[in-house]
Amino acid sequence: MTTATRRHQLSISGQAISLLRSYSLPFVATVICLPLIVVAAAFFLGLLGAEQRETLAHLWHFVIGEYIWHTLVLMIGVGLLVTMMGVSAAWLTTVCDFKGVSWLRWSLLLPLAMPAYITAYTYSGMLSFEGPVQGLLRELTGWQFGDYFFPDIRSLTGAILVLSFVLFPYVYLITRAAFIEQSRAAIEAARTLGLSPTQSFWRVALPMARPAIATGVTLALMETLADYGTVQYFGITTFTTGIFRTWYGMNDQIGALQLASILLSAVVVLMVIERISRRQSQYHSAGRSKHSVRPFKLTGFRAALAFVACFIPVLLGFILPALQLLTWSFERLHVWLQPEFIALIRNSLILAIGASIITVLVALWLCYGKRRIPTPLTRASINFASLGYAIPGVVIAVGVIVPFAWLDNKLIYFSERFFDINPGLLLSGTIFALLFAYLVRFLSVSIQTIDSGLSQISRAMDESGEILGLNSQQILSRIHFPLLKTSLLTATILVFVDVLKELPATLILRPFNFNTLAVRAYELAGDERLAEAGPAALMIVLAGLIPVIFLSRAMQARHNRNNQAVVTPKAEEIYEPVKA
Amino acid sequence: MNLLKLDQVDVGFGKSSIVDDVSFTLAEGEIGCLLGPSGCGKTTLLRSIAGFEPVRRGSIEINSRLVSSPAQLIPPEKRDVGMVFQDFALFPHLTVADNISFGIRNDSSSEQIQRVNQLLQHVGLAGYGNRYPHQLSGGQQQRIALARALAPRPRVLLLDEPFSSLDADLRESLATEVRGLLKSEGITALLVTHDQQEAFAMADKAGVMYHGRMLQWDTPYELYHEPTHHLVANFIGHGVLLRGTITADQKVFTPLGLLHGDEVPDNSAGELVDVLVRPDDIIIDEASERRAVIVGKGFRGAHYLYTVALVDGTQIYCMSPSHHQYSMGSEIGLRLNIDHLVLFPAGFCET
């Protein structure tokens with residue numbers, strides 16, 4: 001065979017492969033978005049049929065007003081609280097230097113390890129009649145039951161507090177990054193133009209961080225919309241609990257789908273806001289300098305005040321709930337060794353490991369597809385497939401179960417007709433549906449991690465590998481894999497932990513009698529056996545600490561990079577960038 | 001009258017001084033320039049004048065008011081100084097007009113509008129008021145940063161490497177333009193740069209800093225032609241120091257031959273000195289019997305800068321217009337055009 005013909009053949013097979021790839025990518029993306037498409041379609045279909053319209057009208061009439069009201073109050077309350085807690089902590093830990101600040105910088109991330117529903121359980125336990133707080137109160141005053149008023153944590157206000165305690169780190173993290181990247185010169189320019197340090201904060205630093213704050217708050221609000229465990233436990237009717245009630249309580253699947261579609265549209269609004277503010281923050285970091293603001297040294301009373309202001313969120317968001325969990329877990333030591341508990345761990349591990357491997361493989365395949373064929377179509381497919389991160393688990397679960405149940409019915413029909421066998425619910429009744437829902441929800445986490453890892457490997461590296469005589473296999477194994485290893489591991493762990501924490505989708509889609517740690521904690525708490533929920537909840541929180549460690553390491557690295565020039569003032573002059 | 005007066009200023013942390021015993025003055029309306037390599041302390045000195053760095057010793061006076069001393073640190077916002085930052089530091093969330101009026105926000109709004117329009121006109125960006133900084137090019141951002149700093153009519157304007165992030169051709173034209181603007185507004189300004197061309201284009205007075213010390217504070221002309229320190233001679237322009245011996249008749253014997261000038265001190269016969277020889281001291285003259293060989297050449301556009309080796313191997317620089325060029329290794333004759341000798345005690349240049 002001559003080289004010319006070989007090259008010709010290669011190019012034909014190459015074309016075939018690239019053709020296959022360029023269409024398989026959008027195809028997979030569509031499959032992953034199927035649940036969203038189903039839910040979105042339900043909204044429009046709901047307007048078509050007379051019966052559906054009636055359901056919608058009924059929902060509007062009886063429940064939706066209440067859902068919207070509760071959801072709005074929840075979002076406004078959480079939005080305000082997370083902004084206050086997150087921004088003040090971010091500012092104090094960035095521009096001030098006081099005793100304990102470096103410890104606070106990473107401790108403020110700890111509440112991220114706490115799923116909101118677990119925090120809700122611990123506060124219910126702490127503040128209940130039998131709990132330590134009221135117990136202490138009675139002991140001190142001698143009051144008995146009914147002698148005194150004690151606010152009920154299981155209320156709308158309680159839900160706002162609990163959600164804010166665990167969600168403020170989103171605002172803290174993103175705002176802090178913005179403060180760090182703000183050029184020192186911007187503040188100094190404001191000073192030379194006649195502003196005092198306090199005025200510079202309000203008039204320059206804060207407005208410049210506005211897009212970042214907006215991004216953090218929208219992320220927190222997305223989580224608020226997605227929350228099921230907290231509002232369910234506190235008995236507050238919102239869209240997520242409404243979907244459950246309509247689905248299971250009233251067995252009204254169309255109604256549930258329609259509620260899901262309304263919730264989805266609220267999420268879409270938040271996503272648009274988030275995109276816009278992210279784009280704005282690009283402009284707002286224009287003109288950043290190498291130097292960050294030199295930390296302002298606080299001493300005495302002011303240092304103590306700053307420490308307390310930053311410590312309270314850590315205390316409320318992590319330390320108190322964690323202590324309560326530890327207490328419960330040690331009180332119920334026998335639970336740990338029960339075969340039932342070990343089965344829970346086994347089930348959770350199967351799901352988390354399975355889902356993380358599948359998700360990372362799909363993400364890897366999509367990311368390489370985009371790298372090989374960077375067309376607008378493939379890029380759009382990836383963005384489309386990444387939508388799941390913002391979609392509440394309840395919505396995804398409903399969107400998964402409807403098409404799967406339909407497919408199962410068809411399968412049963414055909415198999416009974418042609419083979420006289422009833423295979424059962426192959427898709428919707430097994431962990432298959434669950435794994436698929438996790439894939440939809442958490443694919444974007446791994447796409448982001450792997451894509452950023454892959455973007456570190458420049459095309460020039462591939463090309464220098466080729467010039468040095470490596471074939472494409474060797475380029476993968478000797479250049480890509482070593483460089484991508486950490487990203488792959490990070491992506492796997494992030495999905496693993498997210499799956500462990502996930503509650504509503506697991507509740508809806510789990511096979512009959514298939515329990516996980518999260519589901520069991522939920523059930524026990526629902527049965528008012530809070531203390532017994534301790535060990536399962538503790539396991540989830542321990543796993544949740546792993547990504548927090550990643551985050552705080554990344555943050556520390558960034559901090560060091562930015563402060564290199566500030567630590568030793570002499571170095572600031574030496575590292576002055578050499579100009580051409 | 002001296003508008004800016006620094007007296008034995010020392011800035012530093014712990015044992016090390018970043019700025020060490022610096023004194024100089026700047027008269028009203030003058031433009032001064034701090035020159036020096038990266039890390040020489042010039043930016044720190046500028047920041048201490050702005051009030052961002054405290055002084056450990058000495059004092060800084062602006063308009064005869066003590067603003068910095070070990071006992072006193074007037075904050076930046078109360079100093080009546082303006083500052084243009086290296087990365088411009090425009091406020092990205094404000095329009096161009098709002099950026100410029102930031103420092104005059106207490107004026108009436110009609111005064112603000114008038115001043116903003118006047119400054120936009122001066123910097124050649126009339127009609128750009130409604131844009132945002134990210135919609136402007138680097139040169140345009142630079143001008144807006146200047147306009148913003150000028151708006152409150154500060155007593156002293158400080159500029160920290162104001163042109164360093166711009167393209168080379170833009171840098172030169174903008175430097176001349178900014179000088180014109182500062183002169184027309186009658187602003188006293190102090191500029192930090194490591195680029196001597198920029199300093200020459202802008203400054204009435206310039207100082208060369210090295211390791212925190214001010215080696216010489218003078219006019220750019222004097223810095224070039226009358227350096228008082230061998231490091232100044234090295235930093236400003238091209239040139240070499242030739243080792244020479246003072247003869248009995250007050251001349252200096254060097255590898256270039258006998259040089260004479262009125263600066264040779266009395267009663268110093270036999271002493272070793274270093275003589276500064278600049279490319280413009282040497283003229284290529286085929287008829288001259290002082291022979292040399294071309295060992296290096298660099299194209300500079302209008303002229304070539306040659307490195308030539310004298311008979312004893314000593315290398316010096318000389319220039320010639322670029323339409324007449326010599327090839328490497330060719331032999332040429334040199335004539336001297338030195339009417340003024342710059343001498344340093346021998347041996348300094350080796351350290």
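Predicted, not measured: the structure shown is a model, and the values here were computed from it.

So, how was this worked out
- Residues numbered from 1 in each chain as written.
- Chains lettered and ligands numbered in written order.
- Predicted model: local features only at pLDDT ≥ 70, side-chain atom pairs only at ≥ 80, totals over all residues.
- Helix = DSSP H or I, 4+ residues; strand = E, 2+ residues; numbered from the N terminus.
- Buried ≥ 20, exposed ≤ 12 C-beta atoms within 10 Å, placed from the backbone.
- Contact = placed C-beta atoms within 7 Å.
- Pairing = 2+ DSSP bridges.
- Axes fitted to C-alpha atoms, helices over the stretch in contact; angles between N-to-C directions.
- Domains from an automatic or database assignment.
- Nonpolar A, V, L, I, M, F, W, Y, C, P; charged D, E, K, R; others polar.
- Core = buried A, V, L, I, M, F, W, Y, C linked by C-beta atoms within 7 Å.
- Parallel < 35°, antiparallel > 145°, perpendicular 65-115°, else oblique.
- Left-handed = near helix turned anticlockwise from the far one by under 90°.

(A) The overall build of chain A, seen in detail. Regarding its fold elements, chain A presents 23 helices and two strands. The 580 residues of chain A split such that 44% are buried. When contacts within chain A are restricted to residue pairs at least 6 apart in sequence, long-range pairs at least 24 apart make up 83% of them.

(B) Looking closely at the sheet that holds strand 9 (residues 188–193) of chain B. Residues and elements named next belong to chain B. The six strands are arranged 7-8-9-3-10-11 in an open sheet whose pairing can be described as mixed. Because the sheet does not close on itself, it has two edges, and the strands there are strand 7 (81–84) and strand 11 (213–218). Strand-to-strand twist of the sheet, defined as the mean angle between neighbouring strand axes without regard to direction, takes the value 20°. Pairing between strand 8 (residues 156–160) and strand 9: five bridges, direction parallel. Within the sheet, the bridge partner assigned to Leu158 lies in strand 9 and is Leu190.

(C) Main features of the domain arrangement of chain B. All names here are of chain B. Split into domains, chain B comes out as domain 1 (2–234) and domain 2 (238–350). Tallying the contact residues gives four residues for domain 1 and eight residues for domain 2. Looking at the side of domain 1 that touches domain 2 residue by residue, the class counts come to two nonpolar, one polar and one charged.

(D) The arrangement of the nonpolar core in detail. Residues Ala260, Val398 and Ala437 of chain A together with Val275 of chain B are the most contacted members of the largest nonpolar core, which totals 261 residues. Sort the elements by how many residues they give to this core and helix 6 (residues 156–181) of chain A lands first, with 17 residues. When sequence neighbours within four positions are dropped, the list of residues in contact with Val275 of chain B reads Leu241, Leu242, Gly244, Val252, Thr254, Leu259, Leu341, Val342 and Leu343 of chain B.

(E) Quick peek at the sheet that holds strand 16 (residues 282–284) of chain B. All names here are of chain B. Taking strand neighbours across the sheet as the criterion, the five strands line up as 16-20-17-18-19 in an open arrangement whose pairing is antiparallel. With one partner strand each, in any of the chains shown, strand 16 and strand 19 (315–321) form the two edges of the open sheet. Averaged over all pairs of adjacent strands, the angle between strand axes in this sheet comes to 50°, irrespective of strand direction.

(F) Geometry of the pairing of strand 13 (residues 251–254) of chain B. Residue and element names in this part refer to chain B. Across the two faces of strand 13 the burial differs, with Val252 and Thr254 buried and Lys251 and Phe253 not buried at all. Both strand 12 (residues 240–246) and strand 13 contribute to a ladder of two bridges, which runs antiparallel. Residue pairing across strands places Thr245 opposite Phe253, the latter belonging to strand 13. The turn joining strand 12 and strand 13, which pair antiparallel and follow one another in sequence, is formed by four residues; a positive phi near 65° is taken by Gln250. Taking the residues between adjacent antiparallel strands as the criterion, strand 13 and strand 14 (residues 257–260) are bridged by two residues.

(G) Representation of the environment of Ser320 of chain B within the structure. Residues and elements named next belong to chain B. Checked against the element boundaries, Ser320 lands in strand 19. Judged by the 18 C-beta atoms lying within 10 Å of it, Ser320 falls in the partly exposed class. Along the primary structure Ser320 and Ala287 are separated by 33 residues, whereas in three dimensions their C-alpha atoms are 15 Å apart. Ignoring sequence-local partners within four residues, the contact set of Ser320 consists of Ile284, His303, Tyr304 and Tyr306.

(H) Region of the structure containing the packing of helix 14 (residues 339–372) of chain A against helix 15 (residues 376–385) of chain A. Residues and elements named next belong to chain A. At a minimum axis distance of 9 Å, the contact between helix 14 and helix 15 shows a crossing angle of 155°. By the criterion of interaxial angle, the relationship of helix 14 to helix 15 is roughly antiparallel. When the axes of helix 14 and helix 15 are compared, the crossing they make is left-handed. Across from Leu366, Gly369 and Lys370 in helix 14, the residues of helix 15 making contact are Thr378, Arg379, Ile382 and Ala385. Residues of the contact of helix 14 with helix 15, tallied by class, amount to three nonpolar, two polar and two charged.

(I) Region of the structure containing helix 5 (residues 132–141) of chain A. Of all the 10 residues making up helix 5 of chain A, zero are buried; the element is thus mostly uncovered. Phi turns positive, to about 80°, at Gly142 of chain A, one or two residues after helix 5 of chain A.

(J) Just unusual backbone geometry, in detail. Residues and elements named next belong to chain B. The backbone of Asn63 shows a phi angle near 55°, a positive value even though the residue is not glycine. Tracing the backbone through its elements, the reader meets Asn63 in the loop between strand 4 (57–62) and strand 5 (65–69). For His211, which is not glycine, the phi dihedral falls at a positive 50°. Examined against the element boundaries, His211 turns out to sit in the loop between strand 10 (205–210) and strand 11. With 15 C-beta atoms counted inside 10 Å, the residue His211 sits in the partly exposed group.

(K) Spotlight on the environment of Val314 of chain A. Residue and element names in this part refer to chain A. Mapped onto the fold, Val314 is located in helix 12 (residues 300–331). Sequence spacing of Val314 and Leu104 is 210 residues, and the spatial spacing of their C-alpha atoms is 8.1 Å. Beyond its immediate stretch of four places on either side in the chain, Val314 contacts Leu104, Ser107, Leu108, Leu110 and Ile319.

(L) Representation of the domain arrangement of chain A within the structure. Residues and elements named next belong to chain A. By the assigned domains, chain A splits into domain 1 (36–114 + 153–326) and domain 2 (332–526). Here the C-alpha centre of domain 2 lies 26 Å away from the C-alpha centre of domain 1. Across the contact, 22 residues belong to domain 1 and 15 residues belong to domain 2. Mapped onto the side of domain 1 that touches domain 2, the elements with two or more residues apiece are helix 1 (3–45), helix 8 (197–226), helix 9 (229–233), helix 10 (239–249) and helix 11 (253–284). The element contributing the most residues to the side of domain 1 that touches domain 2 is helix 11, with nine residues. Each residue belonging to the side of domain 1 that touches domain 2 can be placed in one class, and the counts come to 19 nonpolar, three polar and no charged.

(M) Region of interest: the pairing of strand 4 of chain B. Residues and elements named next belong to chain B. Where strand 1 (residues 2–13) and strand 4 come together, five bridges link them in antiparallel fashion. Bridging from a neighbouring strand, Asp10 pairs with Arg57 of strand 4. Linking two consecutive strands that pair antiparallel, namely strand 4 and strand 5, is a turn of two residues; a positive phi of about 55° is found at Asn63 within it.

(N) Up close: the environment of Leu92 of chain A. Residue and element names in this part refer to chain A. Among the secondary structure elements, Leu92 is positioned in helix 2 (residues 50–95). Leu92 sits 215 residues away from Phe307 along the chain, and the two C-alpha atoms are 8.7 Å apart. Sequence-distant contacts of Leu92, that is, excluding residues within four places in its chain, are made with Ala306, Ala309 and Cys310.

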